[in-house]
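An overview of the molecular structure
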Amino acid sequence: MSPSDSVSRRTVLASLAAATTDGCLGPLSPSPSGPAVSWSGDCGLLPSSRPGVWGWERGGPSATASLPSGPTAPTEETWRRDVEPSGGLVRAGSTLFVGTRDGVLALDSASGETVWRDTRESRIRELAIDGDAVYAVRGPDDTFVALDAETGEERWTADEATGVALPLDGGVFADWDDSALAAGLDGATGEQCLSYSHERGGRLSAAADESRLYVSSVRHGGDSPTNSYVAALDPSNASIGWRTEVGITLEVGLAVRDGTVYAVDSEQLHALSTTDGSTEWTVPHDLGHESSGSPAVTDDRVFFRDADRLVAFDAATGDERWSVAEASLPDDSANPVVAGDAVYVPSDDHDRVRGFDAATGDPVEAPGPILSTVALGPDALYATDRHAVGRFE
């Protein structure tokens with residue numbers, strides 16, 4: 001691998017050290033006890049209007065796991081492909097991308113026919129797309145790679161990126177092997193145009209709106225986590241707009257919509273103002289610090305999988321609107337996704353997906369087979385089971 005093909009940790013650290021207002025990176029004022037951010041003036045790593053793109057496991061950059069124009073009662077399987085899914089199911093335009101044990105597989109979303117196949121035949125652990133590039137963590141060495149979305153050709157690799165924190169328009173926000181560092185990488189070149197350093201270890205969670213990138217980080221004290229925080233990164237002046245402490249957790253689940261950041265720690269679901277990080281409301285949950293849930297958010301509801309139920313909260317007030325008991329949920333329920341007027345709960349243990357009316361919580365028809373990973377399109381639901389991927393209308 002040539003130096004031009006790889007993004008190294010040295011590049012990111014050098015960018016942090018050289019960040020000045022007259023260079024390519026914006027102003028940076030790091031401190032030993034707090035996080036620091038640097039941002040290129042032409043970075044452009046914020047969401048744009050890409051309607052209907054399901055870019056990673058939580059949908060688009062806002063991480064709301066919802067699609068307002070999603071399919072209604074998608075129970076008819078229109079095609080099915082035998083594959084060995086291993087990690088990730090994403091969709092952009094007319095193409096569905098599947099992470100398999102033999103690499104990335106790109107399929108025509110309408111017919112299920114092969115568009116291209118990754119020839120390296122390596123197991124995919126993680127998959128995301130920004131519309132033009134597909135990002136995958138693959139192989140026994142967990143190599144972070146960017147592939148051209150149209151052809152499958154490799155664009156670049158990043159040696160020390162360890163996972164996708166968030167796909168953005170034109171690039172990706174990636175975890176770095178240094179647990180106190182994350183980087184924004186240009187999708188075309190792999191060059192670093194954003195660096196975020198913090199004093200806390202653990203994997204970052206991230207979400208973005210049209211003006212800011214919101215990140216969470218976990219403070220580790222010995223073998224146990226202590227309080228975590230959510231921070232707003234401002235690209236206009238390469239600064240941290242605000243930082244709000246939340247509770248103890250191993251990972252914070254994030255989503256942002258309509259001026260509110262929703263953050264899940266080990267004990268509570270927090271609604272924070274995007275303006276200043278102030279608390280709008282909080283509600284308790286029973287997941288505990290070993291499991292962090294991620295909410296699905298619509299214009300007026302926040303859907304959350306608690307330890308023993310699915311709950312719908314009013315997005316403005318946090319008031320509970322309805323809940324569904326554990327007996328009605330799949331075994332080892334995964335985080336919910338919202339398609340139009342329905343909420344779907346897949347399973348992390350290969351149980352059948354369940355569907356509920358988003359307004360009332362009443363059961364609705366859902367795809368019958370065992371489904372584990374779900375991606376949404378404007379008129380179809382796509383899902384994997386242990387040995388296949390399929391489309392449901």
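It should be noted that the structure appears before, not after, this text.
These numbers come from a predicted model, not from an experiment.

Conventions and cut-offs
- Residues numbered from 1 in each chain as written.
- Predicted model: local features only at pLDDT ≥ 70, side-chain atom pairs only at ≥ 80, totals over all residues.
- Heavy atoms only, no water.
- Phe/Tyr/Trp six-rings, centres within 6.5 Å; stacked < 30°, edge-to-face > 60°.
- Helix = DSSP H or I, 4+ residues; strand = E, 2+ residues; numbered from the N terminus.
- Buried < 20%, exposed > 50% of the residue type's maximum accessible area, 1.4 Å probe, protein only.
- Pairing = 2+ DSSP bridges.
- Axes fitted to C-alpha atoms, helices over the stretch in contact; angles between N-to-C directions.
- Polar contact = N/O pair within 3.5 Å; in protein donor to acceptor, adjacent residues only side chain to side chain.

Applying the stated criterion across every chain yields a total of eight aromatic pairs. Note on Phe97 and Trp116: the rings are 6.0 Å apart at their centroids and 50° apart in plane angle, and the pair reads as tilted. Here Trp116 lies in strand β7 (residues 114-117) and Phe97 lies in strand β5 (residues 95-100), a separation of 19 residues in the sequence. We note that Phe97, like Trp116, is buried.

Read across the open sheet, the four strands follow the order β4-β5-β6-β7; overall the sheet is antiparallel. Where the open sheet ends on each side, the last strands, each with one partner, are β4 (85-92) and β7. Neighbouring strand axes in the sheet, compared pairwise and without regard to direction, differ in orientation by 20° on average. Direction of pairing for β5 relative to strand β6 (residues 103-108): antiparallel, over a ladder of six bridges. From the neighbouring strand, Thr95 faces β6, where its bridge partner is Asp108.

For the rest of this paragraph, the subject is the side chain of Arg305. Here Arg305 is to be found in strand β25 (residues 301-305). According to the relative accessible area criterion, Arg305 is buried, its value standing at 12%. Within the local environment of Arg305, its side chain forms a polar contact with the backbone oxygen of Ala334, the two atoms lying 3.4 Å apart.

So, on to the environment of Ala128. Within the element layout of this structure, Ala128 appears in strand β8 (residues 124-129). Ala128 sits in the buried class, given a relative accessible area of 0%. C-alpha of Ala128 to C-alpha of Gly59: the two residues are 69 residues apart in sequence and 9.6 Å apart in space.

Quick look at the sheet that holds strand β26 (residues 309-314) now. What the four strands build is an open sheet, ordered β24-β25-β26-β27; its pairing is antiparallel. Two strands close off the open sheet at either side, each with one partner strand: β24 (296-297) and β27 (320-325). Note: β25 against β26, five bridges, orientation antiparallel. Bridging from a neighbouring strand, Phe304 pairs with Val311 of β26.

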